[in-house]
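Here's the letter readout for the chains.
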Amino acid sequence: MSKLANKVALVTGGSRGIGAAIAKRLASDGASVAITYAKDATSASAVVKAIEGAGGKAIAIQADAADAKAVAAAVAQAVASLGRLDVLVNNAGTAIPKPFEETTLEEMDRMVDINLRGIFVATKEALKHMNDGGRIIMIGSCVGERVLTPGLVAYSATKGAVKMFTQGLSREVGARGITVNNVQPGPIDTDLNPAAGDWATPQKAVTALNRYGTVEEVAALVSFVASPEASYITGANLTVDGGTNA
Ligand code: NDP
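These figures come from a predicted structure and were not determined experimentally.

1. Focus on the confidence of the model for the chain
Mean pLDDT over the chain works out to 97, with 100% of the residues at or above the 70 mark. This complex was scored by the predictor with a pTM of 0.98 and an ipTM of 0.99.

In structure tokens, the structure reads:
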């Protein structure tokens, strides 16, 4: 039997990039999947169609991670439509890379609202519905632990906060058998961080493998952490960064 058969997962920011790959992977492992997205309804519906085309079950819900009411409604809708909630993947996030002295307060607020406050809201709502033995998985970043390139002061601060959010929360929900882990990607080729972009050369240079990673390589780790086999892993920061932080 598929390892996530009869499980329901909610992936925030699942219409493109890493989130879309996670949604497809969890569905191929047997989970029914709800994804949220902010703007790109066409891409969200393509992810749903791809999952359905492969014999799985999926829904897409528009909910900006910076809008607490919309996120709460999305969690409720996912549970109402799919019947339960076992896995939350807090993937929605954004980066506005620029030198610190050019970063505005509005840009800092935007990253905090999506990368940190959005996780707070989604996780609080999800825990109201989540079954014992559930999984909460953050998509942090390797720069939440070590910053090797300039331009990421504000972004890395939000991801460092995600790391501690994960560790702290793991202490509060362990009694329910719920694990909380932080998957920390390195440079992954997406619209947010294209392998051919201006910022790519220094990021690739600091990997041990001398390449960008793929969204599927991140999804594979998330799939494992979501699975019953990962039941004794919690409060962990699991880096999938090609050796960037080695
Ligand atoms: P992309 O920009 O390629 O995709 C982002 C996804 O999140 C889209 O589905 C987008 O939907 C959705 N999204 C964006 N903003 C919001 C929002 N406010 N509310 C809800 N959904 C939103 O990003 P990546 O796939 O590269 O990044 C995903 C996560 O991985 C982020 O948390 C990022 O910080 C993290 N990460 C990425 C790395 C990389 O190198 N790519 C490295 C380390 C961490 P829509 O199009 O509808 O707006």
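2. Examining the site of the ligand
Taken together, 31 residues are adjacent to the ligand, and Ser-15, Lys-39, Asp-40, Tyr-155 and Thr-190 come closest. Between Asp-64 and the ligand, the recorded distance is 2.8 Å, taken from a side-chain N or O atom to a nitrogen atom. Contact distances for the ligand include 3.4 Å between an oxygen atom and a backbone N or O atom of Gly-186. Protein chains bury 94% of the 890 Å² of accessible surface belonging to the ligand in isolation. Broken down by secondary-structure element, the contributors of at least two residues to the shell around the ligand are helix 1 (17–28), helix 4 (105–129) and helix 5 (153–173).

3. Overview of the pattern of salt bridges
Within the structure shown, the criterion is met by 8 salt bridges. Two residues, Asp-191 and Arg-16, come together in a salt bridge whose shortest N-O distance is 2.6 Å. In this pair, Asp-191 sits in the loop between strand 6 (179–185) and helix 6 (200–205) while Arg-16 sits in the loop between strand 1 (8–11) and helix 1, placing the two residues 175 residues apart along the sequence. For Arg-16, a relative accessible area of 39% gives the class partly exposed. Note that Arg-176 and Asp-132 form a salt bridge whose closest N and O atoms lie 3.6 Å from each other. In this pair, Arg-176 is assigned in the loop between helix 5 and strand 6 and Asp-132 in the loop between helix 4 and strand 5 (135–139), connecting sequence segments 44 residues apart. For Asp-132, a relative accessible area of 58% corresponds to the exposed category. One network of salt bridges, with partners in common, ties together Arg-16, Asp-40 and Asp-191.

4. Observations concerning the packing of helix 1 against helix 7 (residues 215–226)
Between two packed helices, what matters for the description is the angle formed by their axes and the separation of those axes. Contact geometry for helix 1 and helix 7: axes closest at 8 Å, N-to-C directions at 50 degrees. Relative to helix 7, the element helix 1 is oriented oblique. In the packing of helix 1 onto helix 7, the handedness of the crossing is right-handed. From helix 1, Gly-17, Ile-18, Ala-21, Ile-22, Arg-25 and Leu-26 reach across to helix 7, where they touch Val-215, Glu-216, Val-218, Ala-219, Ala-220, Val-222, Ser-223 and Ala-226. Within the contact of helix 1 with helix 7, the residues separate by chemical class into 10 nonpolar, 2 polar and 2 charged.

5. Describing the UniProt feature "domain: Ketoreductase" (unreviewed entry) in the chain
Here, UniProt's "domain: Ketoreductase" (unreviewed entry) annotation points to residues 7–186. Taken end to end, residues 7–186 is 48% helix and 17% strand, and its two terminal C-alpha atoms sit 28 Å from one another.

6. Thoughts on the side chain of Glu-107
Residue placement: Glu-107 occurs in helix 4. Non-local contacts of Glu-107, meaning those with residues more than four positions away in its chain, are made with Ile-96, Lys-98 and Glu-102.

7. A word on the nonpolar core
Formed by 32 residues in total, the largest nonpolar core has its most connected members in Val-11, Ile-22, Leu-26, Val-33, Val-89, Ile-137 and Val-222. Mapped onto this core, the elements with two or more residues apiece are strand 1, helix 1, strand 2 (32–37), helix 2 (41–53), strand 4 (87–90), strand 5 and helix 7. Other than its neighbours up to four places away in sequence, Ile-137 contacts Val-87, Leu-88, Val-89, Asn-90, Asn-181, Val-183, Val-222, Val-225 and Ala-226. Counting residues in each nonpolar core, the second largest holds 27 residues, with Ala-70, Ile-136, Ile-178 and Val-180 among its members.

Cut-off values and rules
- Residues numbered from 1 in each chain as written.
- Predicted model: local features only at pLDDT ≥ 70, side-chain atom pairs only at ≥ 80, totals over all residues.
- Heavy atoms only, no water.
- pLDDT = per-residue confidence, 0-100.
- Near = heavy atom within 4 Å.
- Polar contact = N/O pair within 3.5 Å; in protein donor to acceptor, adjacent residues only side chain to side chain.
- Areas by Shrake-Rupley, 256 points an atom, 1.4 Å probe, with all protein chains shown as cover.
- Helix = DSSP H or I, 4+ residues; strand = E, 2+ residues; numbered from the N terminus.
- Salt bridge = Lys/Arg side-chain N within 4 Å of Asp/Glu carboxyl O.
- Buried < 20%, exposed > 50% of the residue type's maximum accessible area, 1.4 Å probe, protein only.
- Axes fitted to C-alpha atoms, helices over the stretch in contact; angles between N-to-C directions.
- Parallel < 35°, antiparallel > 145°, perpendicular 65-115°, else oblique.
- Left-handed = near helix turned anticlockwise from the far one by under 90°.
- Contact = heavy atoms within 4.5 Å.
- Nonpolar A, V, L, I, M, F, W, Y, C, P; charged D, E, K, R; others polar.
- UniProt positions renumbered as here; feature names shortened; annotations may be inferred.
- Core = buried A, V, L, I, M, F, W, Y, C linked by side-chain atoms within 4.5 Å.

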